[in-house]
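As a plain string of letters, each chain reads:
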Amino acid sequence: MTNSINALLIIPCFNEGKRMVGEELSIEFEKNSTIDFLLVDDGSTDATAQFLVELEQKHNNVTSLLLSKNVGKAEAIRNGLLANSGEKYAFIGYLDADLATPISEMVNILKFAKKNPNYRFLMGSRIKRLGSNINRYSYRHYIGRFFATIISGIILKTPIYDTQCGAKIIEYKLAQTLFEKPFLTRWLFDVELLLRMKQLNSDFYKEVYEYPLETWIEKGNSKIRLKDMLQLPFQLIKIHLAYV
């Protein structure tokens, strides 16, 4: 990574005390000192907020944003971006706090984005193939493929394989526009982002690239509860009515 890539990576956190590994994060923050990291505490009820502040105090390229109440992943990331609206980054990205997507993969996507400026929205894609290390729970994979088929064929009408991977890199100016307004859903905001792109430009798919990840490891329990899973079909309908 060269100093010419000016990027902010946002990591939303909610009750991550048992999943976040401080030593691993510290190593990554030091290794990637040319990248800024924003750790957003989404109204956690455990010691997550204190942990994030300690990381901020330890690393010059790390800042923390502590939200007073839980607003969900989508709004946590949005709040983080809006809090940095005065900064001049080339790219804004986000990834999950458990580092299921390693930071090294985010760096690879950033390098690809720099070499290919025609792509303004880059998505990590968990395509299991020979030579890759993609480790997902089977039931979540199959549920994910079911919804991905609906999202791709009916909602987006574009052949996108994996909208829900937690790793995204977006051109800074585009991100400011896409995140300007609150989202309708907590867990399908990635789909909303793409639909907002489509509203701006019907040929949006030419500016989107799915980057096949070399490594993605499912870690711990998902923050998506059974109740949330059951609401996903209704959220898809809500999105369809609002954007399509």
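Counting starts from 1 at the beginning of each chain's written sequence and moves along it residue by residue. Local features in this predicted model are restricted to residues whose pLDDT is 70 or higher, and side-chain atom pairs enter the listing and the counts only when it is 80 or higher, whereas totals over whole chains, interfaces and linings include all residues. Excluded from the side-chain calculation are hydrogens and water; included are all heavy atoms of the structure.

Enquirer: So what exactly am I meant to see when it comes to the pairing of strand β5 (residues 121-125) here?
Expert: Two faces belong to every sheet, and in a regular strand the side chains alternate between them. Buried residues dominate β5, accounting for 5 of its 5 residues. Alternating positions in β5 separate into two faces, F121, M123 and S125 on one and L122 and G124 on the other, with burial throughout. Pairing geometry for β5 and strand β7 (residues 168-171), over 3 bridges, is antiparallel. Of the residues in β7, the one forming a bridge with M123 is K168. In this structure, β5 lies alongside strand β8 (residues 208-212), joined through 5 bridges in parallel fashion. Burial classes: relative accessible area under 20% of the type maximum marks a residue as buried, over 50% as exposed, and values in between as partly exposed (1.4 Å probe, protein chains only). Secondary structure is summarised from DSSP: a helix means a run of H or I of at least four residues, a strand means a run of E of at least two, and numbering begins at the N terminus for each. For two strands to count as paired, DSSP must find a minimum of two bridges between them.

Enquirer: I keep staring at the packing of aromatic side chains and nothing clicks. Help me out?
Expert: When the centres of two rings from Phe, Tyr and Trp lie within 6.5 Å, Trp using its six-membered ring, the rings pair. Their planes under 30 degrees apart give stacked, over 60 give edge-to-face, and anything left gives tilted. Considering all chains together, one arrives at 11 aromatic pairs under this definition. Measuring from ring centre to ring centre gives 4.7 Å for F29 and F37, while their planes differ by 50 degrees; the resulting arrangement is tilted. For F29, a relative accessible area of 1% corresponds to the buried category. Judged by its relative accessible area of 1%, F37 falls in the buried class. Between Y119 and Y209 the ring centres are 4.9 Å apart and the planes differ by 45 degrees, which places this aromatic pair in the tilted class. Of this pair, Y119 sits in the loop between α4 (103-115) and β5 while Y209 sits in strand β8, and the two are 90 residues apart along the sequence. Look at Y209 and you get partly exposed, because its relative accessible area is 24%. Members of the aromatic cluster, connected to one another through ring pairs, are Y94, F179, F183 and F189. In this structure, R126 is placed above the aromatic ring of W216, and the distance from its NZ or CZ to the ring centre is 4.8 Å. By the criterion adopted, a ring carries a charge over it if an Arg CZ or a Lys NZ lies within 6 Å of its centre and within 35 degrees of its normal.

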